[in-house]
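Spelled out from the first residue to the last, the chains are:
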Amino acid sequence: MKKILILLAFATTLIASGCGAARHSASTDGGQTASTDNFTLSYAGVGADESILLKVGCTVSSTDEAEGAVSKYAVIGLMYKGCPATLTSPEVSPLIAVGTDLSSEQSGWLSDFFRNGGYNSFVLSVARNNMTITKGKKQYSVEAVVAVDRRHLRKALEDKGIIRRLDSVFDR
């Protein structure tokens with residue numbers, strides 16, 4: 001009987017910890033929606049310049065697209081997905097919360113931000129020497145560590161009114 005109760009408690013904990021997590025989608029290319037399930041994202045540390053290091057994995061059709069894809073997915077992941085906590089790393093919350101209602105002007109700005117490469121100004125570096133590219137049947141699997149300037153990205157999103165400033169609770 002104890003084993004069944006322990007197993008039931010363990011299963012309940014697993015379900016409550018994220019199996020039913022909400023999915024985000026980001027409008028990245030003129031209204032096309034890119035699901036945050038197209039890539040993997042995990043916390044890799046903090047850079048010397050207070051940047052956040054993210055390990056990004058994705059698939060691309062050619063090796064020429066590899067660096068651009070991991071850069072774009074690192075920013076999309078930081079904005080919409082975040083990283084779950086593990087035994088060795090803290091949780092990284094997404095900058096844009098689930099269910100955030102955006103005006104048409106804000107949605108247009110985000111579409112242009114990704115379509116025109118505005119996200120590149122927040123990508124500090126891609127670790128090319130540690131980038132792994134594996135050839136599959138039709139695509140290449142890419143994994144790399146990307147340094148993203150989270151502080152300036154957050155500031156840009158605050159300036160556009162997409163997210164609230166952290167000190168906005170004191171404004172009346």
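Refer to the preceding data block for the structure.
Residues numbered from 1 in each chain as written. Predicted model: local features only at pLDDT ≥ 70, side-chain atom pairs only at ≥ 80, totals over all residues. Heavy atoms only, no water.

## Topic: unusual backbone geometry
Link 1 in the chain: Here Glu-50, not a glycine, exhibits a phi torsion of approximately 65°, which is positive.
Link 2 in the chain: Counting through the fold element by element, Glu-50 comes out in the loop between strand E3 (40-46) and strand E4 (52-60). (Helix = DSSP H or I, 4+ residues; strand = E, 2+ residues; numbered from the N terminus.)

## Quick notes on the packing of aromatic side chains
Link 1 in the chain: Using the criterion set out here, one finds 5 aromatic pairs in the structure.
Link 2 in the chain: The interplanar angle of 80° and the centroid separation of 5.0 Å between the aromatic rings of Phe-113 and Phe-114 together place this pair among those described as edge-to-face.
Link 3 in the chain: On the accessibility criterion, Phe-113 (6% relative accessible area) is buried.
Link 4 in the chain: Between Phe-113 and Phe-122, the aromatic rings sit 5.9 Å apart at their centres with planes inclined by 45°, giving tilted as the arrangement.
Link 5 in the chain: Using a relative accessible area of 11% as the deciding quantity, one classes Phe-122 as buried.
Link 6 in the chain: Every member of this aromatic cluster is reached through a ring pair, and the members are Trp-109, Phe-113, Phe-114, Tyr-119 and Phe-122.
Link 7 in the chain: The side chain of Lys-81 reaches across the aromatic face of Phe-39, ending 4.7 Å from its centre. (Phe/Tyr/Trp six-rings, centres within 6.5 Å; stacked < 30°, edge-to-face > 60°. Buried < 20%, exposed > 50% of the residue type's maximum accessible area, 1.4 Å probe, protein only. Lys NZ or Arg CZ within 6 Å of the ring centre and 35° of its normal.)

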